[in-house]
Amino acid sequence: MNIKLSICTFGAMILASASYADPLTVYTSRGEELILPLLDKFSDETGIEIQMLNDKAPELIARMQSEGEASPADVFLPADVSNLEMAAQKGLLSSVKSDILEANIPPQLRDDENKWFGLGKRARVIIYNLESVNPETDLSTYEDLANPKWNDSILVRTSSHPYNLSLMAAMIVEGGSENTKTWIEGIVENLARSPQGGDRDQIKAVAAGEGKIAIANSYYYALMKNSDVPEEKEAADATGIYFPNQNAGEGQLAGTHINLSGAGIVSSSDMKLEAQQLIEFLSREDIQNEYAESNQEYPVNPAAKLSETLESFGTFKEDDIALASFATLIDDALKLTDESGWK
């Protein structure tokens, strides 16, 4: 049995055929090509029908709020921990007691009250032009990117994107609001162009020489390394990946910033046991191996393996801030970017 995928428009539902009378409904902002194969496999193993609604995470949160107890959503599966925490704070997610999830997912990668669980990690890295940057002498920390030596050199997407907000929120936890604001002002001064496009666009621009370095997520770079699109593969091959803050000082992030895709059970769900079963399935070692290979994300289950591409990037020290602690500071980070002119 396979999920029968139809051509989607905004708000369209994607259905799977199965033997259960009621479907398990997943609200997700994840790309369909990344998550559908795993949902399909879950349906094959369990016979549980999957119904998926795909939209941007803030819109899904607003939808669940407006639907209230009548919401059909059973599982919320966004691409960023800040949206998981936002849903939890709004009372949209239920606490879960699961020995399987506690065994498969380290404490720092799940909510303190087990209202959400990480399923895939990505590192916020520095991508550099191989011809114009020597990583051994030029690169060190995120904080150093505010140094005037990088004037007209930095490429990054808009400040309002959760990937950047999460990084800045983590910096607030470690170094405080004033230091983070100063850093943001330095980034604005060093931009090679106005923020535009996604992480893939920043990497392509670095390869084209529009800037020397980009701030981007590791999984975009890894996907481009394996891309069938010549332009993406060529851009990845013309650039290198650097994991910052491996020897950071006081007030700096104590390792490379990590963000999560993850999931939580919706409070109003009538199928909480089946919803828990899906999240446990996605945390399983063999499924985490598939997750790592297809999505090029670092697995959260310590027993799972890295993809060959991620393995080639080498090991690195992760920032050890509990993700829940910085996810609560997203609004503070957004305020700082507004004050500092990073649009």
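Conventions we followed
Residues numbered from 1 in each chain as written. Predicted model: local features only at pLDDT ≥ 70, side-chain atom pairs only at ≥ 80, totals over all residues. Heavy atoms only, no water. Helix = DSSP H or I, 4+ residues; strand = E, 2+ residues; numbered from the N terminus. Rg over C-alpha atoms; globule rule 2.2 N^0.38 Å. Contact = heavy atoms within 4.5 Å. Areas by Shrake-Rupley, 256 points an atom, 1.4 Å probe, with all protein chains shown as cover. Phe/Tyr/Trp six-rings, centres within 6.5 Å; stacked < 30°, edge-to-face > 60°. Buried < 20%, exposed > 50% of the residue type's maximum accessible area, 1.4 Å probe, protein only. Polar contact = N/O pair within 3.5 Å; in protein donor to acceptor, adjacent residues only side chain to side chain. Pairing = 2+ DSSP bridges. Arc of directions from axis to C-beta. Core = buried A, V, L, I, M, F, W, Y, C linked by side-chain atoms within 4.5 Å.

Engineer: How do you make sense of the overall build of the chain when you look at a structure like this?
Structural biologist: The helix and strand tally for the chain stands at 15 helices and 12 strands. A compact globule built from 343 residues would reach a C-alpha radius of gyration of about 20 Å, and the chain, at 20 Å, matches this within 12%. Oriented by its inertia axes, the alpha-carbon framework of the chain measures out at about 60 × 40 × 40 Å. Excluding contacts between residues fewer than 6 apart, the proportion of contacts in the chain whose partners are at least 24 apart in sequence is 76%. Accessible surface, the chain: about 14,100 Å² in total, of which carbon and sulfur atoms supply 47%.

Engineer: Hey, could you run me through the packing of aromatic side chains in this one?
Structural biologist: A complete count under the given rule lists seven aromatic pairs for this structure. Centroid distance Y221 to F313: 5.6 Å. Interplanar angle 40°. Geometry classified as tilted. Highlighted residues: Y221 in helix α9 (residues 218-225) and F313 in the loop between α13 (308-312) and α14 (323-327), separated in sequence by 92 residues. Summarising the burial analysis for this pair, Y221 and F313 share the class buried.

Engineer: Hey, could you run me through the side chain of R124 in this one?
Structural biologist: Of note, R124 is situated in strand β7 (residues 117-129). Of note is the side chain of R124, whose polar atom sits 2.6 Å from the side chain of D199. A polar contact is formed between the side chain of R124 and the side chain of N217, at a distance of 3.1 Å.

Engineer: I keep staring at the pairing of strand β9 (residues 213-217) and nothing clicks. Help me out?
Structural biologist: Each regular strand displays side chains that alternate between the two surfaces of the sheet. Burial of β9 is extensive: five of the five residues sit out of reach of the surface. Along β9, one buried face is formed by I213, I215 and N217 and the opposite face, lined by A214 and A216, is buried too. Alignment of β7 against β9, held across five bridges, turns out to be antiparallel. Residue pairing across strands places Y128 opposite I213, the latter belonging to β9.

Engineer: For this particular structure, what's the right way to read the side chain of Q202?
Structural biologist: Summarising the element assignment, Q202 is placed in helix α8 (residues 199-207). Judged by its relative accessible area of 0%, Q202 falls in the buried class. Among the polar contacts listed, one links the side chain of Q202 to the backbone oxygen of G197, at a separation of 3.5 Å. Of the polar contacts made by the side chain of Q202, one reaches the backbone oxygen of G198; its length is 2.9 Å.

Engineer: Looking at this structure, how should I read helix α2 (residues 57-67)?
Structural biologist: For the α-helix, the turn length of 3.6 residues means that residues three or four positions removed from each other point alike. Residues of α2 that are buried include every one of A57, L60, I61 and M64, and no others. Each buried residue of α2 sits inside an arc of 100° when the element is viewed along its axis, so together they form one side. For α2, the elements touching its buried residues are β3 (24-28), β4 (50-54), β5 (75-77), α3 (81-89) and β11 (258-266). In the stretch just after α2, G68 is the one whose phi turns positive, near 60°.

Engineer: Would you mind going over the nonpolar core with me for this structure?
Structural biologist: Side chains of nonpolar character tend, in soluble globular proteins, to be buried together. In terms of nonpolar packing, the biggest core is built from 79 residues, with F76, W116, L145, W183, I213 and L278 touching the most fellow members. The element that contributes the greatest number of residues to this core is helix α6 (residues 162-175), accounting for seven residues. With sequence-adjacent residues up to four places away left out, W183 is seen in contact with Y142, E143, L145, A146, L167, M168, M171 and W342. The next biggest cluster of nonpolar side chains, apart from the first, holds 21 residues, and it includes V125, I203, A222 and F316.

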